[in-house]
Amino acid sequence: MKTLLVQPSTLHSFLTQVFKPHLLSSEAQTALINHLVEANLWGIDSHGVQQIIGYDKSLKSGRINPKPEIKVISERPSLIRIDADAAPGQYAAKVAMEMAIVKAGKTGIAVVGVTNSNHFGVAGYYTRMATEAGMIGFATTDTNVVDLAPFGGRIAKLGNNAISWGIPTGNQPVIIDMATGAVSGGKVKHFAYQGLEIPLGWGLTAEGKPTLNPEEVAVNIPASYKGSGLAFISDLLCGPLLGTTTAMFKNKAIHNAENGTGHLFLVLDVAAWTDIEKFYQEVQKAINSLKETPRLEAEEPIYYPGELEKITREQRLQNGIPIPLSLIETLAAHFGGNIISEYLI
């Protein structure tokens, strides 16, 4: 696979120019661009710069509102529901998690639900926000497209929904962030950009046949019956619980409060539940014990959730972010060669 190494600051400048014609509000643009760069830094390339063609199309079509007015629909002591006004999902979700953190600091627990939003990117971005405040965070979402077959099925009925938990440690947090499919749809596309076959069990063709070719994938396969069940639960939490419907019944061609993407966030203030320093000590003790587990393969270290992303971020801050040349060619075809040559080549 041929790649080009791009510095994070260069990628940030490139994305600023890409989104400039859309005249996003400064808050929405900052949230979106910072999120995309961090996704690439963490090695979650499926949710980084690779996503911008879809966002560009959604901004042009009106699916994404460049100047949203996010508003609170209803509120109780530990609960907020907000309408995102078709905001970029990264902006709506950031605002929602910030609200949840503030409210949890007062009550010990908070839940914030979001409707009328869009694809929110990396779920772990938001649970990490909670950990930085010394809190436990949970995030899930439905998706802009129904692309996951239920376990044993061959057509899509579910969203390949993301689920994340974040646990603070006083240092590097524990962050689990996963698709409910075998992998995210974006990862399948990233394999295509790399010119790689996908493992059997990642995707089905439009005819419902297993395939190794990422270009042929029309339906994602769940991560066993467990992933299928979790995807269904996320669809229920981010649809009916928030006053809309499950993703399989949403008309994704229409973007309004009933059919837009939904998110759900939960935050627990550790200090309201227990002594936070003792909590940190116990979590770190568990991490240390986990990593000392006798290995099946002596050369393969045992990582706690989020550790690989931490290592990848440190490496990419130093060496640059690898972007497949085929992705750069696709970006040039969409945005024009001039902006690509100015920033990425």
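Provided above is the structure to which this section pertains.
Residues numbered from 1 in each chain as written. Predicted model: local features only at pLDDT ≥ 70, side-chain atom pairs only at ≥ 80, totals over all residues. Heavy atoms only, no water.

A. Just the nonpolar core, in detail. In terms of nonpolar packing, the biggest core is built from 60 residues, with Phe14, Leu15 and Phe19 touching the most fellow members. Broken down by element, this core gets its largest block of residues, 9 residues, from helix 4 (residues 89-107). Counting 9 residues, the second largest nonpolar core, distinct from the first, contains Ile136, Val270, Phe279 and Tyr304. (Core = buried A, V, L, I, M, F, W, Y, C linked by side-chain atoms within 4.5 Å. Buried < 20%, exposed > 50% of the residue type's maximum accessible area, 1.4 Å probe, protein only. Helix = DSSP H or I, 4+ residues; strand = E, 2+ residues; numbered from the N terminus.)

B. Focus on helix 7 (residues 224-237). Look at helix 7: 20 Å from first C-alpha to last across 14 residues, which is about the 20 Å you get at 1.5 Å a residue. Here helix 7 has its buried residues at Gly227, Ser228, Ala231, Ser234 and Asp235. End-on view of helix 7: buried residues confined to an arc of 125 degrees, all on one side of the axis. Residues of helix 7 that are exposed and angled more than 90 degrees away from the buried face: Tyr225 and Lys226. In the core, the buried residues of helix 7 are packed alongside strand 5 (135-141) and strand 6 (162-167). (Expected span 1.5 Å × (residues − 1). Arc of directions from axis to C-beta. Contact = heavy atoms within 4.5 Å.)

C. Highlighting the sheet that holds strand 5. The 7 strands are arranged 2-3-4-10-5-6-7 in an open sheet whose pairing can be described as mixed. Across the chains shown, the open sheet's two edge strands, defined by having one partner strand only, are strand 2 (71-76) and strand 7 (174-179). Ignoring which end each strand starts from, the neighbouring axes of this sheet average 10 degrees apart. (Pairing = 2+ DSSP bridges. Axes fitted to C-alpha atoms, helices over the stretch in contact; angles between N-to-C directions.)

D. Geometry of empty space enclosed by the protein. Counting across every chain of the model gives 1 cavity of 30 Å³ or more. Roughly 30 Å³ of volume is contained in the largest cavity. In the lining of the largest cavity, the residues fall into 4 nonpolar, 4 polar and no charged. (1 Å grid on protein atoms, 1.4 Å probe; cavity = no way out; pocket = protein on both sides within 12 Å on 5 of 7 lines; lining within 4 Å. Points joined across faces, edges and corners; volume = space filled by probe spheres on them. Nonpolar A, V, L, I, M, F, W, Y, C, P; charged D, E, K, R; others polar.)

E. View of the environment of Glu75. Turning to its location among the elements, Glu75 is positioned in strand 2. Each C-alpha atom of the pair Glu75 and Glu215 lies 45 Å from the other, and the pair is 140 residues apart in sequence. Filtering out sequence-adjacent residues up to four positions away, Glu75 remains in contact with Ile80 and Lys103.

F. Region of the structure containing the pattern of salt bridges. Considering all chains together, one arrives at 9 salt bridges under this definition. For Arg313, the salt bridge goes to Glu38, with nearest N and O atoms at 2.9 Å. Of this pair, Arg313 sits in helix 10 (residues 307-319) while Glu38 sits in helix 2 (residues 26-41); the two residues are 275 residues apart in sequence, bridging distant segments of the chain. The exposure class of Glu38 is buried, given its relative accessible area of 17%. (Salt bridge = Lys/Arg side-chain N within 4 Å of Asp/Glu carboxyl O.)

G. Inspection of the environment of Ala257 at higher detail. One can find Ala257 in the loop between helix 7 and strand 10 (261-269). Classification of Ala257 as partly exposed rests on a relative accessible area of 26%. In this structure the C-alpha to C-alpha distance between Ala257 and Ala133, which are 124 residues apart in sequence, comes to 31 Å. The contact partners of Ala257, leaving out residues within four places of it in the chain, are Asp83, Thr115, Asn116 and Thr244.

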